[in-house]
Amino acid sequence: RFHFKKNVRRIITELYIRDNCHPFKATLLVWVQVPMWVCVSLALRNCSVGAMDSEVQEQFSAGGTLWFPDLTAPDSTWILPVALGLMNLLILEV
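Residues numbered from 1 in each chain as written. Predicted model: local features only at pLDDT ≥ 70, side-chain atom pairs only at ≥ 80, totals over all residues. Heavy atoms only, no water.

Asks: Which residues make up the overall build of the protein chain, and what are the values?
Replies: For the protein chain, the count of helices and strands is 4 helices and 0 strands. When its helices and strands are written in sequence order, the protein chain yields α-α-α-α. Computed over the C-alpha atoms, the radius of gyration of the protein chain is 22 Å, more than 25% above the 12 Å expected from 2.2 N^0.38 for a compact globule of 94 residues. Long-range pairs, those at least 24 residues apart, make up 10% of the contacts in the protein chain between residues at least 6 apart in sequence. Split by element, the accessible area of the protein chain, about 8,300 Å² in all, is 70% carbon and sulfur. Taking the average location of the 8 positive side-chain charges in the protein chain and that of its 8 negative ones, the two points are 35 Å from each other. (Helix = DSSP H or I, 4+ residues; strand = E, 2+ residues; numbered from the N terminus. Rg over C-alpha atoms; globule rule 2.2 N^0.38 Å. Contact = heavy atoms within 4.5 Å. Areas by Shrake-Rupley, 256 points an atom, 1.4 Å probe, with all protein chains shown as cover. Lys, Arg positive; Asp, Glu negative; His and termini not counted. Charge placed at Lys NZ, Arg CZ, Asp CG, Glu CD.)

This is the structure:
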């Protein structure tokens, strides 16, 4: 059993080196993307909701296009959240 486990570890290590696919590389995107997403979400929320009676609030309420003319209102059609989710899934699959 000891020799079997040792050989399996050796074979896996050789595969990592040959195919250049260490498991850490797969998690690297998550460790970078999640904090970036949280920071951007908080920044946009603070710009749109936290800045009352400011020029930024007025720009967000009049700066939309197509089906979302007001960027401070929630998206009732769920087009943007679904599109964002599908794009993230596409990025992860690619």
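Asks: Describe in detail the domain arrangement of the protein chain, supporting the description with residues and values.
Replies: Each assigned domain of the protein chain is listed with its residue range as follows: domain 1 (1-62) and domain 2 (64-93). Counting residues at the interface gives 7 residues for domain 1, matched by 7 residues for domain 2. Together, Gln 33, Phe 60 and Ser 61 form the three largest contributors to the area buried by domain 1 at its contact with domain 2, with a combined 53%. At the surface where domain 1 touches domain 2, the tally comes to 0 salt bridges. Run the count over domain 1 and domain 2 and you get 1 residue pair in polar contact (both at pLDDT 80 or more). (Domains from an automatic or database assignment. Buried area = accessible area lost by both parts, 1.4 Å probe. Salt bridge = Lys/Arg side-chain N within 4 Å of Asp/Glu carboxyl O. Polar contact = N/O pair within 3.5 Å; in protein donor to acceptor, adjacent residues only side chain to side chain.)

Asks: Give a detailed account of the environment of Ala 73, specifying residues and quantitative values.
Replies: Turning to its location among the elements, Ala 73 is positioned in the loop between helix 3 (55-62) and helix 4 (79-93). The class for Ala 73 is partly exposed, based on a relative accessible area of 40%. (Buried < 20%, exposed > 50% of the residue type's maximum accessible area, 1.4 Å probe, protein only.)

Asks: Please set out the pattern of salt bridges residue by residue, giving values where relevant.
Replies: Tallied over the entire structure, the rule returns 2 salt bridges. The partner of Glu 14 in a salt bridge is Arg 10, with the nearest N and O atoms 3.0 Å apart. Here Arg 10 and Glu 14 lie together in helix 1 (residues 2-19), a separation of 4 residues that amounts to about one turn. Residue class for Arg 10 comes out partly exposed when judged on its relative accessible area of 43%.

Asks: Outline a positive patch on the surface, supporting the account with residue identities and numerical values.
Replies: Positive charge collects at one region of the surface, where Arg 1, Lys 5, Lys 6 and Arg 9 lie side by side. Turning to its location among the elements, Lys 5 is positioned in helix 1. (Patch = residues over 30% accessible without salt bridge, like charges linked within 9 Å, V, L, I, M, F, W, Y side chains within 5 Å.)

Asks: Talk me through unusual backbone geometry; I want residue IDs and the actual numbers.
Replies: Despite not being glycine, Asn 20 shows a phi value in the positive range, around 55°. Residue position: Asn 20 is located in the loop between helix 1 and helix 2 (23-50). In this structure Asn 20 comes out as exposed when scored by relative accessible area, which is 52%. A positive phi is found at Trp 78, a non-glycine position, where the angle reads about 65°. By the secondary structure assignment, Trp 78 is in the loop between helix 3 and helix 4. Taking the relative accessible area as the measure of exposure, Trp 78 reaches 57% and is therefore exposed.

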